Structure formats: C-alpha cells, structure tokens
Amino acid sequence: MSEEIVKCLTDELKYSAGDAEYYAKQLAEYDDIANEFLTWRKNQNYDYSPALEIDGWTAKKIHERNRNIDAVTVFMTMYWLRVDPDYVKSELETGFAVK
Amino acid sequence: MAQGERTSAEVAPADADNNTSWDELDKADETPIDNPEDTPESDNSQVETDDKGDWSDFDAPTEKDELGDKGPQYELIEPLPMGELSPGKSPIPDELTSQEIGQIVGGRESAIKPDLKRLHNTVKAYEASVFDGKALSATDRALIARFGGEKFIKEQLELTLAQRYNEGQVISAYYSNRGRISQREMWALNYWAKQAGKSVANYAKERMEYYNNEKVRAIDIATTQLRADGRFDPDYLTLDEADLVMDYDQDGLEYDACGRIYRERRAHTLAYLADRDNGQIKGSPAMQRDVDLAIRYLCREKHRSASELGEYYRELAEHIYHPNANDRAETRSYVDNLIKKIPQAEIDRAADSLGPDGKNYAAMVKTLEHTFKKLFKLESVGIKVIIDTSDEDKEGTFGFYSPTSKVLQVNAKYIETCMRNDYKNSDEEYVATKVINEIADTIAHEFLHAYQEEYGKLHSDKRGEMYVINGFDYISAEDSYSKYRDQTMERESFDMGGKFGSMVVSSYLLKKGGRR
C-alpha cells in the first residue's frame with residue numbers, strides 16, 4: 001500500500017521522492033488511514049461513506065476547516081489525531097493558521 | 001611617459017603612394033577577398049578564443065598567453081572617458097579637433113577629416129575579420145591601405161575595444177577565469193597594459209590589487225554605514241567580500257559581526273544547496289563560484305571530503321524536513337527548557353495587562369515583547385513589533401516575522417475575528433480566552449522565529465546550521481501545510497506557541513477567578 005501512496009504523491013501531487021516516501025510511510029502505518037487516502041485518490045473528494053472518524057474528526061470535516069490544505073495534510077492530521085492529538089490540536093482549532 | 005610609448009612624430013603616416021581616391025573606393029566592388037593569404041594577419045594567434053575550453057591544466061596567466069610585443073609603436077588619441085560611450089557605439093566621434101586628427105594621421109588631417117566615418121567603418125570591418133572570421137572586401141582592404149596600413153587599423157581596433165569594455169570587469173574575469181577571456185577582451189587588456197608600459201600579467205596583477213583595495217574600501221564604507229543604520233547584515237556580502245573584510249585589518253574598525261560565523265553561515269547554505277541540487281547550482285557564475293569556494297572552505301574547516309560533506313548535509317536535511325520520533329522528542333524537550341526560563345511572574349504580568357475585561361491585547365503584546373526580547377537576548381536586534389488592527393487580506397495568517405525588515409507582526413484583530421467565527425456558539429468568556437490564547441501563542445511563535453534567525457547567525461553548532469539551512473530553504477504553507485508544519489523552525493515555534501498560549505490563559509483565568 002505504501003508504494004501506491006508513494007506513486008500517488010510523486011506522480012499526482014508532485015511531491016519529491018524523499019517527501020513522498022516520508023509521508024507515505026506514515027500514512028501506510030494504519031491501514032484504515034491509508035485506505036481512506038486511496039479512496040480520496042480515487043474519488044478526488046471527501047464525500048465518501050462510511051468515513052473513518054478519529055476523535056470526532058473525519059477527513060471531510062478536517063478539510064472543511066481550511067479548503068486550501070492538501071490531501072496529505074488532511075490524512076496526516078488523521079494520523080496525528082491517532083498518534084499524538086496534541087500535535088494537531090492548534091491546527092484544528094485555528095483552521096490551519098499560518099504563523 | 002610610460003616605457004614603450006612613442007611620440008606622435010613617430011606615427012606611421014598614411015600611405016603617400018596610394019593614389020586611390022575616396023570616391024573610387026566608395027564605388028569599388030564589395031566582393032570579399034577569397035585568397036586567405038590576403039586576409040589580415042593577426043598577431044594574436046596565442047590569444048584564447050571565446051571558447052573557454054578545459055582549464056584543468058591551466059596554472060596561471062603567462063606571457064605566452066598574451067599578445068606579443070608587436071603591438072602599435074605609436075601614440076594614439078587619448079581614450080574618451082569611460083562611460084561616455086555606450087557599448088557598441090563608435091569611439092570615434094563625428095567631430096574631432098584638428099589636434100586629435102593630427103594624432104591619428106600624423107598631420108594629414110586636411111586629407112582625412114571628411115573620412116572619419118570611413119575610418120570607423122574600416123575598423124569595424126577589420127574587427128569582424130579578426131574576431132568573427134569575416135573576409136574583408138576589396139574596399140575595406142583599399143581603405144586599410146589608404147589609412148596607413150593594417151598596423152594603424154589594428155591599433156585603432158585595440159583602442160576601440162579598450163573603450164568598449166570596463167577595465168575592472170575584464171581584469172576580474174582575467175583572474176577568475178585564470179586568463180581565459182575573450183579575444184576582444186584580451187585586445188583591450190593588451191592595450192591598457194601597453195599604455196602603462198607593462199606586460200599584461202604585471203598590469204593585470206597590479207590592477208587587480210587596486211580593485212581589491214577599492215572593493216575593501218567600498219565594503220568598509222558600506223558596512224560602517226549599515227552598522228550605523230542598525231541594519232548591518234553580512235549576508236549581503238559574497239564570500240569573496242567576506243574574505244576581504246576578514247583579511248582586511250584596519251585600525252579602529254571591528255569586523256566581529258562579519259567574521260568567521262557569518263562566513264560559515266553563507267558557506268553552509270551554499271554547500272547545502274549544491275548538494276540538494278546534485279551540484280547543479282542555478283544562478284550566476286558568481287554564485288557558482290561562491291558554491292565552489294564554500295565547499296572547499298567547509299571541507300578544509302571540517303576536515304571532510306566533498307562527498308562526506310554532502311552526506312552530512314543530507315542527514316541534516318532529514319532532521320529538518322523529515323523528523324523522526326527522536327527529532328520530535330528533542331523539539332519538545334528543547335521548547336520545554338525554553339519555557340522553563342520564563343518566570344511565572346512575567347506570564348502573570350502579561351495576563352494582568354489584559355485589563356479587567358481581558359481585551360487589552362495591545363498591552364499584553366507589549367508586555368510579552370519585553371519578556372521575549374529579554375528571554376532570547378534580542379534587545380539589540382531592533383525588532384519592531386506591530387499589532388495589526390485590520391482583519392482584511394490576512395488569508396489565514398495570524399502573524400509573521402520578517403528577518404529582513406525585523407518586523408514581527410501579530411494580526412490581533414484578524415485572530416479575534418477568526419475566533420469569533422469559529423466559536424460563535426460559545427459564550428463570550430470562552431471566546432475571549434481563545435483570542436488571548438492565540439495572540440499569546442502567535443507572539444511566542446514569532447519571537448522564537450526571531451531567535452532562530454539570530455541564533456543561526458551567531459552559532460555554528462548543529463542547531464545553528466539547521467536554522468540557517470531551514471531559513472534558506474524554507475517551505476511555505478502554500479507549498480504543503482504538512483511540510484510547512486513539520487520543518488524544524490515551525491515545529492519548534494508551533495510547540496512553543498501552543499504551550500505558552502495555554503500558560504497565559506491559565507494565568508488569566510486564575511486571576512479572573514480570584515477577582516470574582
């Protein structure tokens with residue numbers, strides 16, 4: 001699954017090989033998050049169901065906080081909600097504010 | 001009079017036996033000369049061509065690379081002041097004084113005055129034949145003869161080229177390219193050297209020393225001025241200039257701020273960049289040369305080979321942009337230690353400054369400005385803190401720090417608007433704490449950025465190198481929010497802001513509770 005994500009990141013989202021490998025490795029750590037990412041890839045939107053929910057957040061809800069963020073940020077936020085919610089607490093509260 | 005120069009009395013006269021009239025020449029057939037033996041000989045067969053070639057076996061400019069000493073043996077008109085003529089424009093003005101014309105033709109000005117245009121055109125044709133391989137027409141050849149022969153035209157061409165080029169640039173190119181300059185530039189250089197009565201090598205050396213001294217003087221003035229203005233930033237210096245400044249020992253002037261650390265800082269960024277782009281540096285030749293110097297300098301300083309240096313930067317970049325669990329833990333621990341240094345009294349003071357209604361954000365920012373400048377020892381950096389009271393055109397930006405202008409801005413009004421929108425269903429008190437939290441968070445965040453910037457300038461340890469490289473190769477949120485958020489500088493600042501904001505809010509709520 002990691003390879004498929006790497007391919008998507010490099011070919012479609014134009015990530016560098018190093019960046020793609022780094023983020024794909026984390027997204028592929030959890031099958032449900034990786035599957036959701038691939039579902040997004042297939043649909044190119046967040047309107048699928050059933051949708052994975054972590055701490056009350058779905059990919060769609062996260063994207064609604066800031067429609068400018070890319071899919072990697074959306075699913076990495078889900079990853080962090082599972083691994084270390086504090087890491088993304090501020091982003092979710094401020095709508096991914098830039099400082 | 002410099003050695004090697006001769007007086008105008010020795011100027012070769014125009015060919016007195018040449019009976020061809022100018023009118024006849026004008027009407028003459030323009031057919032090019034086919035016989036290669038008829039093309040003018042050049043004394044410059046040793047001169048490098050425009051093709052720079054392989055420099056690997058090149059040691060230093062030598063006499064044999066230069067023009068021989070068969071150059072003109074007579075005095076020419078004085079060159080016009082540099083800058084008066086734009087490149088490509090004829091150095092021979094339409095109107096010359098009788099004296100100047102006399103210098104050209106040895107006293108036969110009455111014969112030649114109407115024909116200066118022809119002289120100019122002849123020199124142009126001769127230039128094309130020498131440098132561009134274009135054959136001379138029969139008319140051109142006849143004109144050359146009429147003007148006194150090839151020797152005279154050749155000298156005119158040298159003069160033309162000497163006026164066309166900037167001497168400083170030619171000398172600099174001669175040294176930086178190890179003698180490999182274009183033929184035209186070499187002719188110009190040869191002319192200047194002859195005028196000074198020196199060999200090209202000696203003349204170039206002498207003039208390079210002069211320009212270096214001038215450069216040092218210019219840097220001296222610039223750095224003194226920048227320092228006086230409080231905006232001294234040696235980042236604007238090239239490595240060469242930094243070297244010059246370092247080597248230049250002048251009484252009464254200290255170049256501490258432009259010393260080793262700054263030089264290393266610039267070298268780091270360049271070496272990192274070179275490695276990131278697989279050695280394919282895009283940019284000016286000066287930039288590429290800087291990269292080369294930077295790598296050589298760092299290899300020497302760090303006792304590493306170039307490949308080891310590359311490996312080192314790749315590893316450093318991984319820690320910056322692709323943090324692992326240890327890197328993240330290190331960030332948390334580092335920020336915790338920073339926060340521990342802030343006395344609780346300072347945090348309480350900031351909370352107090354909000355006033356009874358908890359809305360005097362400007363006062364809180366002012367208090368925190370003092371706190372963070374003291375904590376990070378930034379009092380002398382000249383950071384200007386701005387509280388923006390407009391919420392227009394912020395596009396998700398809560399604040400920023402500009403290392404160039406040293407402006408630290410907190411978009412307080414915009415933060416308040418965002419919080420009110422996000423928590424419109426919450427009570428006023430809750431919204432107020434969110435606003436306080438975010439403003440305090442943002443100011444701590446931006447002050448840490450300022451500190452990172454200054455730390456990178458003053459320290460060459462691993463952290464300093466990371467800040468320098470991250471600052472140089474900064475990823476904006478527009479590129480990818482995840483990448484933006486993960487890079488060292490933002491990772492630390494987000495951590496710092498998040499923790500600090502909560503602390504101010506806790507203090508505020510505690511005091512508010514106590515007041516009730």
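Predicted, not measured: the structure shown is a model, and the values here were computed from it.

Scoring rules and cut-offs
Residues numbered from 1 in each chain as written. Chains lettered and ligands numbered in written order. Predicted model: local features only at pLDDT ≥ 70, side-chain atom pairs only at ≥ 80, totals over all residues. Heavy atoms only, no water. Helix = DSSP H or I, 4+ residues; strand = E, 2+ residues; numbered from the N terminus. Buried < 20%, exposed > 50% of the residue type's maximum accessible area, 1.4 Å probe, protein only. Contact = heavy atoms within 4.5 Å. Areas by Shrake-Rupley, 256 points an atom, 1.4 Å probe, with all protein chains shown as cover. Buried area = accessible area lost by both parts, 1.4 Å probe. Salt bridge = Lys/Arg side-chain N within 4 Å of Asp/Glu carboxyl O. Polar contact = N/O pair within 3.5 Å; in protein donor to acceptor, adjacent residues only side chain to side chain. Nonpolar A, V, L, I, M, F, W, Y, C, P; charged D, E, K, R; others polar. pLDDT = per-residue confidence, 0-100. Phe/Tyr/Trp six-rings, centres within 6.5 Å; stacked < 30°, edge-to-face > 60°. Lys NZ or Arg CZ within 6 Å of the ring centre and 35° of its normal. Pairing = 2+ DSSP bridges. Axes fitted to C-alpha atoms, helices over the stretch in contact; angles between N-to-C directions. Arc of directions from axis to C-beta. Parallel < 35°, antiparallel > 145°, perpendicular 65-115°, else oblique. Left-handed = near helix turned anticlockwise from the far one by under 90°.

A. Structural context of the overall build of chain A. On a plain count of helices and strands, chain A comes out with six helices and zero strands. Element order for chain A, N to C, with α for helix and β for strand: α-α-α-α-α-α. The buried share among the 99 residues of chain A stands at 51%. Pairs at least 24 apart in sequence give 52% of the contacts found in chain A among residues at least 6 apart. Accessible surface computed for chain A: about 4800 Å², of which carbon and sulfur atoms make up 46%.

B. Main features of the interface of chain A and chain B. Each side of the interface is counted separately: chain A has 23 residues, and chain B has 30 residues. In this assembly, chain A packs against chain B so that about 2200 Å² is buried in total across both faces, 45% of it on carbon and sulfur atoms. Broken down residue by residue, the surface that chain A buries against chain B is led by Tyr 87, Val 98 and Lys 99 of chain A, which jointly contribute 34%. Counting across the interface, chain A meets chain B through seven salt bridges. Across the salt bridge formed by Arg 332 of chain B and Asp 84 of chain A, the nearest N and O atoms sit 3.7 Å from each other. Counting every contact that joins chain A to chain B gives 21 residue pairs in polar contact (both at pLDDT 80 or more). When residues of the side of chain A that touches chain B are traced back to their parent elements, those giving at least two are helix H2 (17–27), helix H5 (71–83) and helix H6 (85–94) of chain A. Counted by class, the side of chain A that touches chain B contains 11 nonpolar, five polar and seven charged residues.

C. Here's a closer look at the confidence of the model for chain B. Residues and elements named next belong to chain B. Looking at chain B as a whole, the pLDDT averages 71, with 59% of positions reaching at least 70. Scored below 50 in pLDDT, residues 229–236 shows 14 contacts in the model against residues more than four places distant or in partner chains. The model gives residues 244–262 a pLDDT under 50, and that stretch makes 38 contacts with residues more than four places away or in other chains. For this predicted complex, the interface confidence reaches an ipTM of 0.96, while the overall pTM sits at 0.59.

D. Looking closely at the packing of aromatic side chains. Taken as a whole, this structure holds 22 aromatic pairs over all chains when the rule is applied. For the ring pair Trp 80 of chain A and Tyr 87 of chain A, a centre distance of 4.4 Å and an interplane angle of 45 degrees mean the geometry is tilted. Tyr 87 of chain A carries the same exposure label as Trp 80 of chain A, and that label is buried. Pairing Phe 398 of chain B with Tyr 414 of chain B gives two aromatic rings, centres 5.9 Å apart and planes at 75 degrees, and the pair type is edge-to-face. With Phe 398 of chain B in the loop between strand S1 (384–387) and strand S2 (399–402) and Tyr 414 of chain B in helix H17 (residues 412–422), the pair connects residues that are 16 residues apart, well separated along the chain. The same class applies to Phe 398 of chain B as to Tyr 414 of chain B, namely buried. Of the aromatic side chains, those joined through ring pairs into one cluster are Phe 372, Phe 376, Phe 447, Tyr 451, Tyr 455, Tyr 467 and Phe 500 of chain B. Here the basic side chain of Arg 328 of chain B rests over the ring of Tyr 87 of chain A, its NZ or CZ set 4.9 Å away from the ring centre. Positioned above the aromatic ring of Tyr 15 of chain A, the side-chain terminus of Lys 483 of chain B is 4.6 Å from the ring centre.

E. Inspection of the pattern of salt bridges at higher detail. For the structure on display, the rule yields 33 salt bridges over all chains. Residue Glu 4 of chain A pairs with Arg 41 of chain A through a salt bridge whose shortest N-O separation is 3.7 Å. One end of the pair, Glu 4 of chain A, is in helix H1 (residues 2–12); the other, Arg 41 of chain A, is in helix H3 (residues 31–43), with 37 residues separating them in the sequence. For Glu 428 of chain B, the salt bridge goes to Lys 359 of chain B, with nearest N and O atoms at 3.3 Å. With Glu 428 of chain B in helix H18 (residues 428–458) and Lys 359 of chain B in the loop between helix H15 (344–352) and helix H16 (361–375), this pair connects stretches of sequence that are 69 residues apart. Three or more residues are tied together by salt bridges with common partners; here these are Glu 127, Asp 132, Arg 164 and Arg 184 of chain B.

F. Focus on the sheet that holds S2 of chain B. Residue and element names in this part refer to chain B. Taken in spatial order, the three strands of this open sheet run S1-S3-S2, and their pairing is mixed. Edge strands, defined here as strands with exactly one partner in the open sheet, are S1 and S2. Sheet twist, expressed as the mean angle between neighbouring strand axes with direction ignored, is 10 degrees. With four bridges joining them, S2 and strand S3 (residues 407–410) adopt antiparallel strand pairing. Across the sheet, Phe 400 pairs through a bridge with Gln 409, a residue of S3.

G. Here's a closer look at helix H5 (residues 138–146) of chain B. Residues and elements named next belong to chain B. Within H5, the full set of buried residues consists of Thr 139, Asp 140, Leu 143, Ile 144 and Arg 146. All buried residues of H5 project into a common sector of 160 degrees when viewed along the axis, lining one side. With its phi angle positive at about 110 degrees, Gly 148 sits one or two positions after the end of H5.

H. Spatial organisation of the packing of H15 of chain B against H16 of chain B. All names here are of chain B. Two elements in contact, H15 and H16, have axes separated by 8 Å at closest approach and are oriented at 160 degrees. The orientation of H15 relative to H16 falls into the category roughly antiparallel. At the point where H15 passes H16, the crossing takes the right-handed sense. Taken together, the residues of H16 that come into contact with H15 (itself represented by Glu 346, Arg 349 and Ala 350) are Met 364, Thr 367, Leu 368, His 370 and Thr 371. Its residues assigned to classes, the contact of H15 with H16 shows three nonpolar, three polar and two charged.

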